[in-house]
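What follows is each chain in one-letter form.
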Amino acid sequence: MTSDPSLLSWNGVRLFLICSLLTAMTNFPSGFSHTSVNTAVHKLNEYLNSSFTERYRPLDHEEVSLLKSGINSAWYLFQVIGAMCSPFLCDTYGRKVAFALSIAFMTVAGAMQMIASFTPYSEVLITGRLIAAVFSPLSDAALILYLQEISPASLRGTMSSLYSTGYSTMCLLGMLLGHEGLLGHSLSVLLFVPVIPGILSTAFILWMPDTPKFLLLVKKDKVAALKSLRFFQGFLPDQALLIDSMEQHQKEELAANNNNNIEDKEPATSVMHILKTPHLRKAMLLSVAAAVLTLPFYPILQSSTFFFTDMGVDMRTSQLASSLMMVVLTVSSICSTLIIDKVPRRVLLLTCGSCTVLFLTVFAVAEQMHQQSIAMGACFGFVMAYGIGVGPVIWSIPPELSPLANRSMMFCFVYSIHSCLVVVTNFSTIPLFMNIGAFSFVFLFAIPSALALVYLLICLPETSGREIHVIINELKGFIEDKEPSADIISAVA
């Protein structure tokens with residue numbers, strides 16, 4: 001017996017809309033800001049150059065590109081700080097407080113960047129961007145926890161995939177509005193756009209309840225947990241029994257953890273505990289290997305217009321191609337949301353990941369042979385494969401390979417490692433591209449991705465449609481002949 005709502009029921013549609021709104025609120029500040037400035041790349045370059053010219057000296061083209069690459073990379077470096085603080089805030093003060101705090105500070109940071117654009121002080125704009133970078137992983141972590149903890153097991157894959165779909169949609173919006181015919185004629189207007197939605201988003205988050213699981217298992221408030229469950233999933237049969245089952249399951253899990261870690265002096269949610277525990281360490285390595293497949297997406301997202309113009313494509317065509325890529329990414333992500341619970345996630349990730357490596361190689365060869373159309377087509381192919389089976393899958397892997405007590409820390413730890421990798425590759429991409437062309441994508445991305453795919457092929461267990469404890473037992477080396485049927489307790493595991 002289960003109280004799961006159907007996706008096509010009124011309660012299922014309502015939950016889908018709530019999750020869509022949450023992912024839009026989270027991804028709008030970062031996704032819009034990245035791509036709108038990418039499309040209006042010359043406006044940002046003009047501002048940076050004029051800022052230095054007015055106070056110091058003019059910058060040449062290579063110096064501007066290096067400065068812009070440094071700003072992009074600094075975003076991901078400062079994300080590491082926010083990511084390591086996220087588990088404490090999410091687990092101590094709640095997902096709601098962490099969510100509201102992150103969106104509020106990102107809104108303030110957006111206002112700082114807009115004000116800085118009226119002055120010659122580019123340092124203020126960079127500072128605002130770095131503040132947003134610190135709070136961006138906190139909003140991402142809170143969103144992932146919300147999507148997983150307010151969704152029934154039967155819809156968890158679909159709702160979790162909205163994280164990627166929302167990001168691609170906000171990127172598309174940024175690309176479109178970044179055109180000079182719309183808002184791209186003014187850097188100040190572009191930077192101001194996320195401010196008003198940020199204020200409204202903060203108010204909405206403060207109004208909605210925390211997740212049922214946090215209210216029950218941390219706050220020990222059954223009444224509030226039941227109200228939260230009904231807020232997100234509607235009034236359904238057996239919800240009171242579901243709450244009782246969640247509580248009992250947590251007690252059993254805590255007792256098991258205490259027995260297993262009686263000689264371990266490290267807290268069960270610490271980074272050292274993850275590194276010292278074999279199955280958690282393996283889950284972390286698998287998650288990082290999957291995250292490696294996303295690395296080429298970020299320079300393409302932020303600098304595709306630059307890459308195309310450097311290949312000899314005119315500015316108008318380059319901007320149009322960048323915007324069309326975001327359309328392809330959005331459509332692909334939507335398709336992924338429709339199929340992610342119907343196709344094995346391991347098959348989806350390995351197939352689409354292999355396609356991304358192939359398209360990166362074609363892009364590099366075509367660029368060296370001055371085949372601009374083929375090179376641009378390979379970028380479109382990469383974005384399509386990424387949107388269908390890489391982006392929507394990889395961030396569901398850390399929680400699905402981890403017990404409840406370790407999910408928040410596992411996600412944020414992997415997020416931090418991923419951010420460090422993005423810093424290194426992002427900072428290297430533009431200088432290498434200017435020196436050796438698109439073959440920089442082969443050395444920086446295609447080869448590491450191919451190695452990661454081999455490791456995933458050998459070690460990654462299938463997670464779709466399987467209970468979390470069965471997946472964890474497989475990581476431990478225990479193979480169960482027959483998986484138990486889903487019941488009301490496993491629905492919230």
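Conventions and cut-offs
- Residues numbered from 1 in each chain as written.
- Predicted model: local features only at pLDDT ≥ 70, side-chain atom pairs only at ≥ 80, totals over all residues.
- Heavy atoms only, no water.
- UniProt positions renumbered as here; feature names shortened; annotations may be inferred.
- Core = buried A, V, L, I, M, F, W, Y, C linked by side-chain atoms within 4.5 Å.
- Buried < 20%, exposed > 50% of the residue type's maximum accessible area, 1.4 Å probe, protein only.
- Domains from an automatic or database assignment.
- Contact = heavy atoms within 4.5 Å.
- Helix = DSSP H or I, 4+ residues; strand = E, 2+ residues; numbered from the N terminus.
- Expected span 1.5 Å × (residues − 1).
- 1 Å grid on protein atoms, 1.4 Å probe; cavity = no way out; pocket = protein on both sides within 12 Å on 5 of 7 lines; lining within 4 Å.
- Points joined across faces, edges and corners; volume = space filled by probe spheres on them.
- Phe/Tyr/Trp six-rings, centres within 6.5 Å; stacked < 30°, edge-to-face > 60°.
- Salt bridge = Lys/Arg side-chain N within 4 Å of Asp/Glu carboxyl O.
- Bend = angle between axes of the 7 residues up to and from the residue.
- Axes fitted to C-alpha atoms, helices over the stretch in contact; angles between N-to-C directions.
- Parallel < 35°, antiparallel > 145°, perpendicular 65-115°, else oblique.
- Left-handed = near helix turned anticlockwise from the far one by under 90°.
- Nonpolar A, V, L, I, M, F, W, Y, C, P; charged D, E, K, R; others polar.

Looking at an unreviewed UniProt entry, one finds the chain named Major facilitator superfamily (MFS) profile domain-containing protein, with Caenorhabditis nigoni as its source organism. Quoted verbatim from the Subcellular location (unreviewed entry) field of UniProt, the annotation for the chain is "Membrane".

Engineer: I'd like a description of the nonpolar core, backed by residues and values.
Structural biologist: Of all hydrophobic cores here, the largest spans 110 residues; its most connected members are Leu22, Phe99, Leu349, Phe363 and Leu456. In terms of domain composition, this core takes at least three residues from each of domain 1 (8-234) and domain 2 (268-480). In this structure phenylalanine 99 touches Leu22, Thr26, Ser139, Ala142, Leu143, Tyr146, Ile205 and Met208, once residues within four positions along its chain are discounted. Formed by nine residues, the second largest nonpolar core is a distinct cluster that contains Ala116, Leu125, Leu187 and Leu191.

Engineer: Which residues make up helix H16 (residues 345-368), and what values go with them?
Structural biologist: The end-to-end C-alpha distance of H16, which contains 24 residues, comes to 35 Å, matching closely the 34 Å that a straight helix rising 1.5 Å per residue would cover. Positive phi appears at histidine 370, one or two residues downstream of H16, with a value of about 60°.

Engineer: Report on empty space enclosed by the protein, specifying residues and quantitative values.
Structural biologist: Applying the stated criterion to the full structure yields 11 cavities of 30 Å³ or more. The volume enclosed by the largest cavity comes to roughly 280 Å³. Taken together, 21 residues form the lining of the largest cavity, with Asp140, Tyr163, Tyr167, Tyr298 and Trp395 sitting closest to its centre. When residues of the lining of the largest cavity are traced back to their parent elements, those giving at least two are helix H1 (10-39), helix H3 (61-92), helix H5 (122-149), helix H6 (156-177), helix H14 (297-310), helix H15 (315-339), helix H17 (372-394) and helix H19 (407-436).

Engineer: Mind laying out the packing of aromatic side chains, listing which residues take part and the relevant values?
Structural biologist: To describe a pair of aromatic rings, one takes the distance between the centres and the angle between the planes. Considering all chains together, one arrives at 17 aromatic pairs under this definition. Relative to phenylalanine 441, the ring of phenylalanine 307 lies with its centre 5.4 Å away and its plane at 80°, an arrangement referred to as edge-to-face. With a gap of 134 residues between them, phenylalanine 307 in helix H14 and phenylalanine 441 in helix H20 (residues 439-459) connect regions that are remote in the sequence. Across this residue pair, the class does not change: phenylalanine 307 and phenylalanine 441 are buried.

Engineer: Can you break down the pattern of salt bridges residue by residue, with the values?
Structural biologist: Taken as a whole, this structure holds one salt bridge when the rule is applied. Between glutamate 149 and arginine 95 there is a salt bridge, with the nearest N and O atoms lying 2.7 Å from each other. On the criterion of sequence distance, the pair formed by glutamate 149 in helix H5 and arginine 95 in helix H4 (residues 95-116) is long-range, its members being 54 residues apart. Neither residue differs from the other here; glutamate 149 and arginine 95 are each classed as buried.

Engineer: Lay out the environment of glutamate 46 with the relevant residues and their values.
Structural biologist: Tracing the backbone through its elements, the reader meets glutamate 46 in helix H2 (residues 41-55). For glutamate 46, a relative accessible area of 48% puts it in the partly exposed group. Here the alpha-carbon distance between glutamate 46 and leucine 187, two residues 141 residues apart in the chain, equals 9.8 Å.

Engineer: Which residues make up unusual backbone geometry, and what are the values?
Structural biologist: At histidine 370, a position not held by glycine, the phi torsion is positive, near 60°. By secondary structure assignment, the location of histidine 370 is in the loop between H16 and H17.

Engineer: Which residues make up H5, and what values go with them?
Structural biologist: Residues that lie three or four places apart on an α-helix share one face, since the helix turns once every 3.6 residues. The end-to-end C-alpha separation of H5 is 41 Å, in line with the 40 Å expected for 28 residues at 1.5 Å each. Residue phenylalanine 135 marks the point of greatest curvature in H5, where the axis turns by about 30°; the proline proline 137 follows within four residues. Burial analysis of H5 places 22 of its 28 residues in the buried class, which makes it a mostly covered element.

Engineer: Describe the packing of H16 against H17, and please don't skip the residues or the numbers.
Structural biologist: With their axes 8 Å apart at the nearest point, H16 and H17 run at an angle of 160° to one another. It follows from the interaxial angle that H16 and H17 lie roughly antiparallel. Considering the relative orientation of H16 and H17, their crossing is left-handed. Its residues placed into classes, the contact of H16 with H17 shows 20 nonpolar, four polar and two charged.

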